[in-house]
Amino acid sequence: MILVNKPAGAPQRLASGAALTQANCQAYEAEPQSYLRGALKFEFKNTVYGHASVKRVLQKAQHDKCCYCEGHFAGNAPGDIEHYRPKDGAQQGRGDKAQYPGYYWLAYKWSNLYFSCPDCNRVAKRRLFPLANPHQRARYHADDVSVEQPLILDPGGPANPRDHIRFVQERPSGITPRGKATVEFVKLDREELNERRRSRLRELERLRDIVALLQKDQRPAAHAAVTDAFAELAKAVLPKSIFSAMAQDFLQ
Ligand SMILES: [Zn+2]
């Protein structure tokens with residue numbers, strides 16, 4: 001996981017989310033208990049927050065990678081719009097009952113939106129949004145989310161995920177409570193991901209070996225191979241590259 005740099009201005013399409021949010025806030029105020037019980041649920045327009053123009057901006061800002069696992073999206077598994085604060089219910093822990101109605105007032109909020117792979121979003125994180133102190137959870141639109149101390153790292157910061165999660169070979173390891181919670185709740189240590197990271201690691205090892213073996217070889221072909229390997233390794237640690245956080249830790 002690396003810090004995501006989104007453009008500050010929200011895509012135009014999200015502007016229509018303001019009226020939808022206002023309507024949801026009014027609906028809540030008319031019958032708060034029904035929403036808190038989960039008897040009434042909000043409907044959200046995927047055609048607004050999930051519009052192609054919104055996805056496009058996020059995809060570009062995230063270099064076509066998932067905001068959590070840094071995996072590329074496969075052609076058959078296009079990405080999801082991820083609501084960092086879940087819009088339709090919030091769970092403190094995996095076995096806990098979801099609290100309703102969720103962060104409905106942030107469903108169309110630019111700062112709450114990212115692009116993630118279906119496995120991180122739908123399989124792992126889902127409605128999980130643990131807080132250091134669950135009693136501080138914002139339950140409706142007049143509550144202040146800034147008093148919350150979320151455990152899962154916000155891909156957009158301000159905390160830099162690199163200060164919280166490090167890699168030992170292909171496996172991520174939380175080095176702070178937030179790092180540990182993010183690895184656990186987003187299942188960043190899942191086998192399918194570790195396998196993909198392992199094969200990337202093999203490529204990086206091969207490049208590193210080329211440099212080590214041929215560095216002092218004066219022949220032009222060897223020199224060219226070393227130059228290419230260096231260039232590939234330099235690229236591997238950039239935000240645009242797959243699993244760049246792992247590459248940074250490997251090459252350090
Ligand atoms: Zn992912």
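Located above this text is the structure these notes cover.
Residues numbered from 1 in each chain as written. Predicted model: local features only at pLDDT ≥ 70, side-chain atom pairs only at ≥ 80, totals over all residues. Heavy atoms only, no water.

### Side note on the pattern of salt bridges
What counts, and what does not: The working definition used for a salt bridge is a side-chain nitrogen of Lys or Arg within 4 Å of a carboxyl oxygen of Asp or Glu. To qualify as a helix, a DSSP run of H or I must reach at least 4 residues; to qualify as a strand, a run of E must reach at least 2; elements of each kind are numbered from the N terminus. Buried residues are those whose accessible area, probed at 1.4 Å on protein chains only, stays under 20% of the maximum for their type, while exposed residues exceed 50% and partly exposed ones sit between those limits.
Evaluated as defined, the whole model comprises 16 salt bridges. Two residues, Lys125 and Glu82, come together in a salt bridge whose shortest N-O distance is 2.6 Å. Linking Lys125 in helix α5 (residues 118–125) with Glu82 in strand β1 (residues 80–83), this pair joins segments that are 43 residues apart in sequence. Residue class for Lys125 comes out buried when judged on its relative accessible area of 0%. A relative accessible area of 1% places Glu82 in the buried class. In this structure, the salt-bridge partner of Arg198 is Glu170, at a minimum N-O distance of 2.7 Å. Taken together, the residues Arg198 in helix α7 (residues 191–214) and Glu170 in the loop between β3 (165–168) and β4 (171–174) connect sequence positions 28 residues apart. Counted as one network, the salt bridges with shared partners bring together Arg162, Arg166 and Asp249.

### Points about the pairing of strand β2 (residues 113–116)
Worth spelling out the cut-off: At least two DSSP bridges between two strands are needed for those strands to be called paired.
Of the two faces of β2, the one carrying Leu113 and Phe115 and the one carrying Tyr114 and Ser116 are both buried. Relative to β2, β1 runs antiparallel, the two being bridged by four bridges. Bridge pairing in β2 links Asp80 to Ser116.

### As for the packing of α7 against helix α9 (residues 244–251)
Two numbers describe a pair of packed helices, the interaxial angle and the distance between the axes. Defined as follows: Helix axes are fitted to C-alpha atoms over the stretch in contact, other axes to C-alpha atoms as well, and angles between N-to-C directions run from 0 to 180 degrees. Working definition: roughly parallel below 35 degrees, roughly antiparallel above 145 degrees, roughly perpendicular at 65 to 115 degrees, and oblique for all remaining angles. Two helices cross in a left-handed way if the nearer one is turned anticlockwise from the farther one by less than a right angle. They cross in a right-handed way if the turn is clockwise. By definition, residues are in contact when any of their heavy atoms lie within 4.5 Å. For this classification, Asp, Glu, Lys and Arg are treated as charged, while Ala, Val, Leu, Ile, Met, Phe, Trp, Tyr, Cys and Pro are nonpolar and the rest, including Gly, are polar.
Close contact between α7 and α9 brings their axes to 11 Å; oriented N to C, the two are set at 40°. The angle between α7 and α9 places the two elements in the oblique class. Read as a crossing pair, α7 and α9 show a hand that is right-handed. Together, Arg197, Arg200, Leu201, Leu204, Glu205 and Arg208 of α7 and Met246, Ala247 and Phe250 of α9 make up the contact between the two elements. The class makeup of the residues in the contact of α7 with α9 is five nonpolar, no polar and four charged.

### Concerning α9
The element α9 is extensively covered by neighbouring structure, given that six of its eight residues are classed as buried. Restricting attention to buried positions, one finds in α9 the residues Ser244, Ala245, Met246, Ala247, Asp249 and Phe250. Lining the buried residues of α9 we find β3, α7 and α8 (220–236).

### Focus on the packing of aromatic side chains
The following threshold applies: Stacked, edge-to-face and tilted labels apply to pairs of Phe, Tyr and Trp rings (six-membered ring for Trp) whose centres lie within 6.5 Å, assigned for plane angles under 30 degrees, over 60, and everything in between, in that order.
One pass over the structure, following the stated rule, counts 11 aromatic pairs. Consider the rings of Tyr28 and Tyr104, whose centres lie 5.5 Å apart with planes at 20°: the pair is stacked. With Tyr28 in helix α1 (residues 17–30) and Tyr104 in the loop between β1 and β2, this pair connects stretches of sequence that are 76 residues apart. Take Tyr28: its relative accessible area is 5%, and that puts it in the buried class. When the ring of Tyr84 is compared with that of Phe129, the centres are 4.9 Å apart and the planes differ by 90°; the resulting orientation is edge-to-face. One end of the pair, Tyr84, is in the loop between β1 and β2; the other, Phe129, is in the loop between α5 and β3, with 45 residues separating them in the sequence. By the burial criterion, Tyr84 is buried, and Phe129 matches it. Through a chain of ring-to-ring contacts, the aromatic side chains of Tyr28, Tyr35, Phe42, Phe44, Tyr84, Tyr103, Tyr104, Trp105, Phe129 and Tyr140 assemble into a single cluster.

Just distances and angles here, no functional claims.
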